[in-house]
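Secondary and tertiary structure notes
Below, each chain spelled out in residue letters.
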Amino acid sequence: MNPLEQTVLTIAGSDSGAGAGIQADLKSFAAHEVYGASVITAITAQNTTGVTAIEALSPEIVKAQLDAVFTDLNIVGVKVGMVTDQSIMQLIADAIQTYQPKYVVVDPVMVSTTGHTLLEADQIEALTTILLPLATVITPNLQEAEVLLGYKITSFEDMKVAAKALAEITGTNVLIKGGHFPFEQNGRKKSIDVLSTGETFTKDWIETSATHGTGCSLSSAICANLAKELSLIHAIDGAKYYVHQGIEHAYQVGHGSSPIHHFYDFWEDN
């Protein structure tokens, strides 16, 4: 099947600065040559320097969007980003169970870039019990894994143990992202992600501020690769390469943390 005949869906919030959220997901889908659809859960007033306002959409309009895309499009893969409302979590879970997309990637956005926990305890519990068990793979960063497990992760060995522990709790594959915390390997800084089945994905650490939307872009790239029938290992490996190259080829956008270059492979002289 032509990859463009595969449709992937992002369920997340809108970033008006277009570096993260729905916009980053759709860019990642396009870069991977799959058709992207979207269900918006919230609107943010956001740019490269931060978020100034958030307005959540009603469960009714979220459900209407879910039904609209699932009843018309051949949704092969779904990427779920930040969802804070428990009723919307349940609506998403119901849609996944009703329409049965083949692949589901959940990026459990729970901690801000400044380290602030975005979800209350009952919301974290709902996320853990309602959405995470439906995923093909979940992609928490180190801080989010710490919130889910309730303890600190301070070493590479901790990451491996934590990934397996989360996999047992959720009953699914877990990729813990180490992109916010470089590890020393043979005297060089490395960005290392760990899968609960034992595989690791390593790239050289890049000193840069162009990291806005990296988590969104990675999870949506994994989703696109799965929809193209790559194995989970190859889907993650390809997504890791894509984000690494996007960071390496990023250019300055705005006055804060720039987004990655989603289309580095398509633009000339980059």
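I will try to describe carefully the structure that is included in this document. Computed from a prediction, not measured in an experiment: that's the story for all the values here. (Residues numbered from 1 in each chain as written. Predicted model: local features only at pLDDT ≥ 70, side-chain atom pairs only at ≥ 80, totals over all residues. Heavy atoms only, no water.)

Here's the deal with the pairing of strand S3 (residues 50–56)
Little of S3 sits inside the fold, with zero of its seven residues counted as buried. Bridge analysis of strand S2 (residues 35–47) against S3 gives six bridges, and the strand direction is antiparallel. Its bridge partner being in S3, Ala 42 is matched across the sheet by Ala 56. What sits between S2 and S3 in their antiparallel hairpin is a turn of two residues. (Buried < 20%, exposed > 50% of the residue type's maximum accessible area, 1.4 Å probe, protein only. Helix = DSSP H or I, 4+ residues; strand = E, 2+ residues; numbered from the N terminus. Pairing = 2+ DSSP bridges.)

A closer look at helix H7 (residues 214–227)
Between its first and last C-alpha atoms H7 spans 20 Å; for 14 residues at 1.5 Å apiece the expected length is 20 Å, and the two agree. Within H7, 14 of the 14 residues are buried, leaving the element largely enclosed by the surrounding structure. Just downstream of H7, Glu 229 is the residue with a positive phi angle, here 70 degrees. (Expected span 1.5 Å × (residues − 1).)

Digging into the pattern of salt bridges
Evaluation of the coordinates by the stated rule reveals ten salt bridges. A salt bridge links Asp 204 to Arg 188; its shortest N-O distance comes to 3.2 Å. Of this pair, Asp 204 sits in strand S10 (residues 200–204) while Arg 188 sits in strand S9 (residues 188–195), and the two are 16 residues apart along the sequence. Its relative accessible area of 29% is what places Asp 204 among the partly exposed residues. The class of Arg 188 is partly exposed, set by a relative accessible area of 48%. Of the charged contacts, one joins Lys 240 and Asp 193 as a salt bridge, the two residues approaching to 3.2 Å between their closest N and O atoms. Note that Lys 240 is positioned in helix H8 (residues 232–248) and Asp 193 in strand S9, a separation of 47 residues in sequence. Like Lys 240, the residue Asp 193 is buried in the burial classification. (Salt bridge = Lys/Arg side-chain N within 4 Å of Asp/Glu carboxyl O.)

Quick word on the packing of helix H2 (residues 59–72) against helix H3 (residues 86–99)
Contact geometry of H2 with H3 gives a least axis separation of 10 Å together with a crossing angle of 15 degrees. It follows from the interaxial angle that H2 and H3 lie roughly parallel. In the crossing of H2 with H3, the sense of the turn from one axis to the other is right-handed. On H3, the residues that touch Pro 59, Val 62, Lys 63, Leu 66, Asp 67, Phe 70 and Thr 71 of H2 are Ser 87, Ile 88, Leu 91, Ile 92, Ala 95 and Tyr 99. Considering only residue class, the contact of H2 with H3 consists of nine nonpolar, two polar and two charged. (Axes fitted to C-alpha atoms, helices over the stretch in contact; angles between N-to-C directions. Parallel < 35°, antiparallel > 145°, perpendicular 65-115°, else oblique. Left-handed = near helix turned anticlockwise from the far one by under 90°. Contact = heavy atoms within 4.5 Å. Nonpolar A, V, L, I, M, F, W, Y, C, P; charged D, E, K, R; others polar.)

Some words on the side chain of Thr 170
Turning to its location among the elements, Thr 170 is positioned in helix H6 (residues 156–170). Apart from the residues within four sequence positions on either side, Thr 170 is in contact with Leu 132, Pro 133 and Ile 138.

A closer look at the packing of H3 against helix H4 (residues 121–131)
Packing of H3 against H4 leaves a shortest axis separation of 10 Å and a crossing angle of 5 degrees. It follows from the interaxial angle that H3 and H4 lie roughly parallel. For the pair formed by H3 and H4, the contact residues are Gln 86, Met 89, Gln 90, Ile 92 and Ala 93 on the first element and Asp 122, Gln 123, Ala 126, Leu 127, Ile 130 and Leu 131 on the second. Per-class residue counts for the contact of H3 with H4 are seven nonpolar, three polar and one charged.

Here we look at H2
With 14 residues, H2 extends 20 Å between its outermost C-alpha atoms, agreeing within 8% with the 20 Å of an ideal straight helix rising 1.5 Å per residue. Every buried residue belonging to H2 is among Val 62, Gln 65, Leu 66, Val 69 and Phe 70, and all of these are buried. Projected down its long axis, H2 shows its buried positions confined to an angular sector of 115 degrees, all on one face. Summarising the geometry of H2, the exposed residues directed more than 90 degrees from the buried face are Glu 60, Thr 71 and Asp 72. Packed against the buried residues of H2 are strand S1 (7–15), S2, strand S4 (75–80) and H3. (Arc of directions from axis to C-beta.)

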